[in-house]
Amino acid sequence: MHKRARDHGLICGSLTTGPLNAITDVAGVIVGHRTIREGGVNTGFTAVLPHDGDLFREKVRAGVEIINGFGKSAGLMQLAELGQIETPILLGNTFSVATGIEALVGRALAANPQIGRSTGTVNSLVLECNDGFLSDIRARRLTLADAEAALDAATGGPVEEGAVGAGTGMSAFGFKGGIGTASRLVELDGRSFTLGVLVQANFGNAGDLVLPDGRRPVPSAKRTAQPPERGSVIIILATDLPLESRQLTRVAQRCGAGLARLGAFWGNGSGDIAIAFSTANRVAHHEKADIVPLAALNENRIDLPFRAAAEATQEAVLNAMLAAPETVGRDGNRRASLADYL
């Protein structure tokens, strides 16, 4: 088992973590990976499901923050407009977005014969980062079967981190990046709620990383090439706290504070996107009532989830980097491991 940020004495903030310190601490949230390592191809899909039921029939409220919009993701416009998620979320590389859409549409059609007939279509949610430094992205290796495998592998419990799934070919701050996760607990009205984050970390210039203890690790220039900042980071935030869509967008914005604590400045060529969803207050597709009840957080108490979002994002990125081993990829391109540096 790899060491995570806390095992290295790197503590992000003051709030308590969930039992697994993972997005799956939020009840019902499941995660799956499909990892491909074939010579110069290092890529994959990661699936995040807000619950294991039919998301088209039982949607979740959500919000999205485009921190920097250099990206090719699908489904964000409708998510921003309606504030709902109705498919699983797939993370992949830049040229796999269409494949991810195909997988999600196919699953929704199979489960819901009324789509495109007696009801509307379906909004697939697929996000991407460019893994072309370590993987032959032109090979377009990711297939429909790979997307299906990530979805089928989704489960609760501990989340595999580092160079797995959509994180297989990722880089961060000149080191090897990948998939990472973390969680925080918040106490409100005498109840404990959970906020969890999963990141696909593929951003940041070498030399810009700032650890919580103030150290600024720099990978060896002889071992690791340093292209300009044009990576990306995808952040998926889940919570069981009852928040309406506007509040979820505000919480998603605070994930950017976690990135900034690490030294990120959201470069011109970086696609930095945060999606937040709540497992409370599900939205029934075939709701018959004209007026529906909605529980929501008192806005005057929202600073607590703001803090949780920043802390969990910062720690999830560090967990992604620390779980990822040194990697040699396409054309001998190399990324050192932050764990080796520490």
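Our subject in this report is the structure included herewith. (Residues numbered from 1 in each chain as written. Predicted model: local features only at pLDDT ≥ 70, side-chain atom pairs only at ≥ 80, totals over all residues. Heavy atoms only, no water.)

### Overview of the packing of aromatic side chains
Per the counting criterion, the structure on display carries two aromatic pairs. Taking the centre distance of 5.1 Å and the plane angle of 65° together, the rings of phenylalanine 173 and phenylalanine 203 count as edge-to-face. Of this pair, phenylalanine 173 sits in the loop between strand S7 (171–172) and strand S8 (175–176) while phenylalanine 203 sits in the loop between strand S10 (191–202) and strand S11 (232–239), and the two are 30 residues apart along the sequence. Just as phenylalanine 173 is buried, phenylalanine 203 falls in that class too. With a centroid separation of 6.0 Å and an interplanar angle of 75°, the aromatic rings of phenylalanine 175 and tyrosine 341 are classed as edge-to-face. In this pair, phenylalanine 175 sits in strand S8 while tyrosine 341 sits in helix H7 (residues 338–341), placing the two residues 166 residues apart along the sequence. When the ring centre of phenylalanine 56 is taken as reference, the NZ or CZ atom of lysine 59 above it lies at 4.2 Å. Against the face of phenylalanine 306 rests arginine 254, its NZ or CZ located 3.8 Å from the ring centre. (Phe/Tyr/Trp six-rings, centres within 6.5 Å; stacked < 30°, edge-to-face > 60°. Helix = DSSP H or I, 4+ residues; strand = E, 2+ residues; numbered from the N terminus. Buried < 20%, exposed > 50% of the residue type's maximum accessible area, 1.4 Å probe, protein only. Lys NZ or Arg CZ within 6 Å of the ring centre and 35° of its normal.)

### Notes on the pairing of strand S5 (residues 89–93)
Two faces belong to every sheet, and in a regular strand the side chains alternate between them. S5 sits mainly inside the fold: five of its five residues count as buried. Sheet analysis places strand S2 (residues 41–49) next to S5, joined by three bridges and oriented antiparallel. Among the inter-strand pairings, threonine 46 is bridged to a residue of S5, identified as leucine 91. Sheet analysis places S5 next to strand S6 (residues 125–129), joined by five bridges and oriented parallel. Looking across to S6, one finds that asparagine 93 is bridged to cysteine 129. Between S5 and its parallel partner S6, the chain crosses via helix H2 (residues 97–111), and the hand of that crossover is right-handed. (Pairing = 2+ DSSP bridges. Right-handed = clockwise from strand over helix to strand, strands pointing away.)

### Re helix H4 (residues 245–253)
Those residues of H4 that sit buried are Ser245, Gln247, Leu248, Val251 and Ala252. Buried residues of H4, viewed axially, fall in a sector of 155°; they line one side. Where H4 begins, one side-chain oxygen reaches toward the backbone nitrogen of arginine 246, 2.8 Å away; that side chain belongs to glutamate 244. (Arc of directions from axis to C-beta. Polar contact = N/O pair within 3.5 Å; in protein donor to acceptor, adjacent residues only side chain to side chain.)

### A closer look at unusual backbone geometry
If you check the backbone angles, phenylalanine 173 has positive phi at about 55° while not being a glycine. On the basis of relative accessibility, which here comes to 0%, the residue phenylalanine 173 falls in the buried class. Positive phi, normally seen in glycine, also occurs at aspartate 331, with a value near 55°. The topology assignment puts aspartate 331 in the loop between strand S13 (327–328) and strand S14 (334–335).

### A closer look at the sheet that holds strand S1 (residues 30–38)
Pairing is mixed in the open sheet, where four strands are placed in the order S1-S2-S5-S6. The two strands at the open ends of the sheet, each matched to only one other strand, are S1 and S6. On average, each strand axis in the sheet is inclined to that of its neighbour by 15°, with strand direction left out of account. Pairing of S1 with S2 involves nine bridges; the strand directions are antiparallel. Looking across to S2, one finds that glycine 32 is bridged to alanine 47. Running over the sheet, H2 touches S2, S5 and S6 and is turned about 155° from S6. Across the sheet, helix H3 (residues 144–152) lies against S1, S2 and S5, angled at about 140° from S1, the strand it touches most. (Axes fitted to C-alpha atoms, helices over the stretch in contact; angles between N-to-C directions. Contact = heavy atoms within 4.5 Å.)

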